[in-house]
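Fold and contact review
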Amino acid sequence: MSNQPKQRVAILGSTGSIGTQALDVAARHAERFQIVALVAHSSAQALFAQVRAFDPPFAGLSDPRFSMDDVPPDLRARRWVFGENALTAAAALPEAHSVLVSVVGMCGLNSVLTALANGKRVLLANKEALVAGGELVMRAAANAGPDMLLPVDSEHCAIFQCLQGAAGNPLSRIWLTCSGGPFRTWTKADIDAAGREQALNHPTWAMGQKITVDSATLFNKALEMIEARHLFHVEPTQIQVLIHPQSVVHSAVEYADGAVLAQLGTPDMRLPILYAMAYPQRLPTGGAPLDPFALTQLTFAPPDPARFPSLRLAQECLAAGGAACCVLNAANEVAVSRFLTGEGDRRINVGKIFAVVEETLARVGHLPADTLAQVLEADAKARRVAEGLLG
């Protein structure tokens, strides 16, 4: 039994893939973690079950269609918040030591900024916060203090772990690994024509629908390139994407002497989630350890920017600066939403996602991103343009 006080954790996006796995490891180490807030968007029944299991003093649903009338009588003896304020209220909760931000979309940006401003350690599993508002987030993290922003993405968590052995030496290059997704060996024509059933068939990871589509188009990796630029204070030219179908090497860091430190493990998101929750300690995840004798091969290949223009677009946005990365993210969100929900004449294929993002970037042009208001304005403008392109 540990003598350490319990870490009090608020989970934003508790019913999603990351949130449910975080609750799994929290239950496994109940002596170490206390869940003090759970917030979901619209999965009310799943949230109610989680509240019964973990009994947090705070719970919320960010979908404004919900109210206290929807909460079962046995769960009303706690603080409930509904609508967009649910996320920021949980992020600022005085009881919380750390806030796991695992919501999808731009709503994560304000949640991250709120948590940091209130002295909470942020466990970041929301890409949009860094992609759209990277400068704002990193400034807030610096003001909050060291190790107040910890990455939960498996790749960035791997890089963070590899940097623990740097001993003050600057890195020379980041090797950002990528499974390649379901379209890894497909021709450009076949990728462009693919529909949502094919894009949702990821060969390695079980994730939510939006991130699964992004993994198929490699927009997920494009967003991770932008995240890595901010998290690790490197130039875009120092980030190299590697196609690694086995998903055993989660990423690596190269130093000036040519040494490459890599983090290996089974493809289990509980490892980076628990690493961030328990940092700097390491605790058992309950998953199977890596068996090196079962590995028949580890292969690596460069990505093809012609088949996956998402990577080229990310590089161009990083070079352009300003709100370009925010515009890229917003346009992709709009296009992927239509890809996942469109029926009949409104149904689009993968190629249309690429086209909408590129055309939105061209039409919006350069916008500043020095303040939260400017970031939100750029996001809104990009969404209007992308929606107009989709008709």
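Below is a summary of the structure that appears in this document. (Residues numbered from 1 in each chain as written. Predicted model: local features only at pLDDT ≥ 70, side-chain atom pairs only at ≥ 80, totals over all residues. Heavy atoms only, no water.)

1. Re the sheet that holds strand β2 (residues 33-40)
Read across the sheet, 7 strands follow the order β4-β3-β2-β1-β5-β6-β7 without closing on themselves; strand pairing throughout is parallel. The two strands at the open ends of the sheet, each matched to only one other strand, are β4 (79-82) and β7 (149-151). The sheet shows a mean angle of 20° between the axes of neighbouring strands, direction not considered. With 4 bridges connecting them, strand β3 (residues 58-61) and β4 associate as parallel partners. Residue pairing for β4: L61 is matched across the bridge by F82. Together, β1 (7-12), β2, β6 (121-124) and β7 form the strand contacts of helix α11 (residues 270-278), whose direction differs from that of β2 by roughly 120°. (Pairing = 2+ DSSP bridges. Helix = DSSP H or I, 4+ residues; strand = E, 2+ residues; numbered from the N terminus. Axes fitted to C-alpha atoms, helices over the stretch in contact; angles between N-to-C directions. Contact = heavy atoms within 4.5 Å.)

2. Points about the pairing of β2
Every regular strand shows the same layout, with side chains that alternate between the two sheet faces. Counting buried residues along β2, 7 of its 8 residues qualify, which places the element largely inside the surrounding structure. Here β2 pairs with β3 via 4 bridges, running parallel. Opposite L38, over in β3, you have A59 as the bridge partner. A crossover connection joins β2 to the parallel β3 through helix α2 (residues 44-54); in handedness this β-α-β unit is right-handed. (Buried < 20%, exposed > 50% of the residue type's maximum accessible area, 1.4 Å probe, protein only. Right-handed = clockwise from strand over helix to strand, strands pointing away.)

3. Structural notes on the nonpolar core
In terms of nonpolar packing, the biggest core is built from 134 residues, with L12, V137, V152 and M277 touching the most fellow members. Each residue touching L12, except ones within four places of it in the same chain, is listed here: V39, L87, A90, A91, V99, L100, V101, S102, V103 and S111. (Core = buried A, V, L, I, M, F, W, Y, C linked by side-chain atoms within 4.5 Å.)

4. Brief notes about unusual backbone geometry
Each neighbour pair has its own omega, and for Y279 with P280 the value is 5°, a cis peptide bond. Here P280 shows up in the loop between α11 and α12 (309-320). Here the phi dihedral of D55 falls at roughly 50°; this positive angle occurs in a residue that is not glycine. Inspection of the secondary structure assignment puts D55 in the loop between α2 and β3. You can call D55 exposed: its relative accessible area is 53%. The residue H233 is not glycine, and still its phi comes out positive at about 55°.

5. Digging into a nonpolar patch on the surface
Taken together, the side chains of L264, L298 and F300 make up a nonpolar region of the molecular surface, amounting to roughly 250 Å² of accessible area. For L264, the location among the structural elements is in strand β11 (residues 260-264). (Patch = residues over 30% accessible without salt bridge, like charges linked within 9 Å, V, L, I, M, F, W, Y side chains within 5 Å. Areas by Shrake-Rupley, 256 points an atom, 1.4 Å probe, with all protein chains shown as cover. Salt bridge = Lys/Arg side-chain N within 4 Å of Asp/Glu carboxyl O.)

6. A look at the packing of α12 against helix α13 (residues 324-341)
Geometrically, a packed helix pair is captured by the angle between its two axes and the distance between the axes. Where α12 contacts α13, the two axes come as close as 8 Å, and the packing angle between them is 145°. Across the interface between the two elements, L313, A314, C317, L318 and A320 from α12 touch A324, C325 and L328 from α13. Class assignment for the residues of the contact of α12 with α13 results in 8 nonpolar, no polar and no charged. (Nonpolar A, V, L, I, M, F, W, Y, C, P; charged D, E, K, R; others polar.)

7. Some details on the environment of L150
Along the polypeptide, L150 turns up in strand β7. Residues L150 and L231, 81 residues apart in the sequence, show an inter-C-alpha distance of 9.1 Å. Aside from chain neighbours lying at most four places away, what touches L150 is R121, V122, L123, L124, F160, A276 and Y279.

8. Examining the pairing of β11
The pairing of strand β10 (residues 249-255) with β11 spans 5 bridges and is classified as antiparallel. Bridged to V249 within β11 is L264. Following β10, the chain reverses through 4 residues before pairing antiparallel with β11; G258 in that reversal takes a positive phi of roughly 95°.

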